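# Structural description and commentary
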Amino acid sequence: MGEEIKKIGVLTSGGDAPGMNAAIRAVVRSSFYYGIEAVGIYRGFEGMIDGDFETLDVRSVNHILGKGGTVLKSARCLDFYHSDVRAKAADKLRHAGIDAVVTIGGNGTFTGAKLLSEEQNIPVIGVPGTIDNDLHGSDYTIGFDTANNVVLEAIDNIRNTAMSHNRLFFVEVMGRESGYIAAFTGLASGAFGILIPEKESSFEELIEKLDTGRKNGKTSSIVVVAEGNKWGGAYKIKQMIKEKASHYDAKVSILGHTQRGGVPTCFDRILASRLGVAAVEGLKYGKTGVMAGVIKNEIKYTSFEDAIEFKDYVDDEIVRVAEILSI
C-alpha cells in the first residue's frame, strides 16, 4: 500500500461521453465512503493548470447519474503537452492538498495523466470515458453503449425515408480510427453494408453487392460508414457512386455530435459507477499510472501505456454475422 490518500481530485477531459457524470458521482461518493475528501477539477487539465477546483460532497453529485455530458466541463488542453505546464499544474494540486487524481476520458486524457504521474510523482488512475470504445483494457468504454442506441434510433428513422424513396443512404458515425460503433449499429439496424477501418474492402465489391441486392428485390439500402474508413468518408463515397454507379439515388446523413449527447443507458450508468469506485479503491491501495476497466465482468487495471498503445480490433464475428444477414 502506498502513502495514505486524503484528498482525491477528479476531472473529465477530451470529448464528453454519456456516463461521465455517473463516474464523477461514483468517485465522489466512494471517496466519502472511505473517508477521503473529493475535489472537482473543472475544464480538465486546463482547470488543473488554473487551479479551478471545488470541494465536492455526497450532495454535490445529487441527480447527475442520468445526465449526459459532464458537470465538471471538459476541454482539450494542448499546453499540457509541455513539461513546465504539467509542473505548474502539479504545484496547483499540491497547494490545494490534492494527493491523487482520477482522470475520466480517452487517449489524450490518459497521455497527459501518464506524464503527470511519471514526472510529478502524483498518483493517477484513469477511467475510460469515450464513445469510440478504442482503449485497450476494458471490454467497453463509458458512453459506447449510449452512442450505439442514439445511432440505432437515427438509422431506424432514416430507413423510413430510404424505403419511401427507394434510396441508398450512407450513414456516417463517429469512432475516429475505430469501427466499433459502425459495426455494432450496422448489425443491430440490419444495415446492408458496414464500412470500417479494420476491414479492407473495395468500391467494386460494394457496387457488386448493391447490384446483387437490387436483383434480389431490395429497393433501398443503408450502409453504415465509420468516420475513419479508408475511402474518405460518406460524402466521398457518395461522389464515387455518382461517378461510377449513377443508377443509385445516394444520400448522406452524418450523425455527428448527436452521438455524444444521449441520456446514458442503464449499461453505461452501471459501468461508470463500477469504474469510478474501482479508481478510488485502486488509489487507496497504492495503484497509479493505470486505467480501471472491466474485462469479462471483472475489474482489471491496465497501464496507461498499454491502454493507449494497444488496439483492440472489432470482433470479426460481428462483421461476419452482419454480412450473412444483409442479403
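What counts, and where the lines are drawn
Residues numbered from 1 in each chain as written. Predicted model: local features only at pLDDT ≥ 70, side-chain atom pairs only at ≥ 80, totals over all residues. Heavy atoms only, no water. Pairing = 2+ DSSP bridges. Helix = DSSP H or I, 4+ residues; strand = E, 2+ residues; numbered from the N terminus. Core = buried A, V, L, I, M, F, W, Y, C linked by side-chain atoms within 4.5 Å. Buried < 20%, exposed > 50% of the residue type's maximum accessible area, 1.4 Å probe, protein only. Contact = heavy atoms within 4.5 Å. Polar contact = N/O pair within 3.5 Å; in protein donor to acceptor, adjacent residues only side chain to side chain. 1 Å grid on protein atoms, 1.4 Å probe; cavity = no way out; pocket = protein on both sides within 12 Å on 5 of 7 lines; lining within 4 Å. Points joined across faces, edges and corners; volume = space filled by probe spheres on them. Nonpolar A, V, L, I, M, F, W, Y, C, P; charged D, E, K, R; others polar. Salt bridge = Lys/Arg side-chain N within 4 Å of Asp/Glu carboxyl O.

In this section: the pairing of strand β11 (residues 298-303). One ladder, built from six bridges, connects strand β10 (residues 290-295) with β11; its direction is antiparallel. Residue pairing across strands places Ile-295 opposite Glu-298, the latter belonging to β11. From the end of β10 to the start of β11, which pair antiparallel, there are two residues, and Lys-296 there has a positive phi angle of about 50°.

Inside soluble globular proteins, nonpolar side chains tend to come together where they are buried. Ile-8, Val-102, Ile-104, Val-127, Val-173 and Ile-222 are the most contacted members of the largest nonpolar core, which totals 59 residues. When neighbours within four sequence positions are excluded, Ile-104 is seen to be in contact with Val-10, Leu-11, Thr-12, Ser-13, Met-20, Ala-23, Ile-24, Thr-109, Val-127 and Gly-129. Counting 24 residues, the second-largest nonpolar core is a separate cluster that includes Val-124, Leu-135, Ala-307 and Ile-308.

Tracing the backbone through its elements, the reader meets Ser-30 in helix α1 (residues 20-33). For Ser-30, the side chain forms a polar contact with the main-chain oxygen of Val-27, separated by 3.3 Å.

Looking now at empty space enclosed by the protein. Within this structure, the stated rule accounts for one cavity of 30 Å³ or more. In this structure, the largest cavity occupies an estimated 100 Å³ of space. Around the largest cavity, the lining residues are Asn-166, Arg-167, Leu-168, Leu-210, Gly-213, Arg-214, Lys-218, Thr-219, Ser-220, Ser-221, Tyr-248 and Asp-249. With three residues, the top contributor of residues to the lining of the largest cavity is helix α7 (residues 203-215). Of the residues in the lining of the largest cavity, the class split is three nonpolar, five polar and four charged.

The next thing to look at is the environment of Asp-156. Within the fold, Asp-156 resides in helix α5 (residues 144-165). Judged by relative accessible area, Asp-156 falls into the partly exposed class, the value being 38%. Distance from Asp-156 to Val-61, taken between C-alpha atoms, is 35 Å for residues 95 residues apart in sequence.

The next point concerns the pattern of salt bridges. Within the structure shown, the criterion is met by 14 salt bridges. The shortest N-O distance in the salt bridge between Asp-16 and Arg-260 comes to 3.1 Å. One end of the pair, Asp-16, is in the loop between β1 (7-12) and α1; the other, Arg-260, is in the loop between β9 (250-254) and α9 (266-284), with 244 residues separating them in the sequence. Judged by relative accessible area, Asp-16 falls into the partly exposed class, the value being 22%. A salt bridge links Glu-298 to Lys-300, with the shortest nitrogen-to-oxygen separation between them at 3.4 Å. Taken together, the shared-partner salt bridges in this structure form one network comprising Arg-43, Glu-46, Asp-50 and Asp-52.

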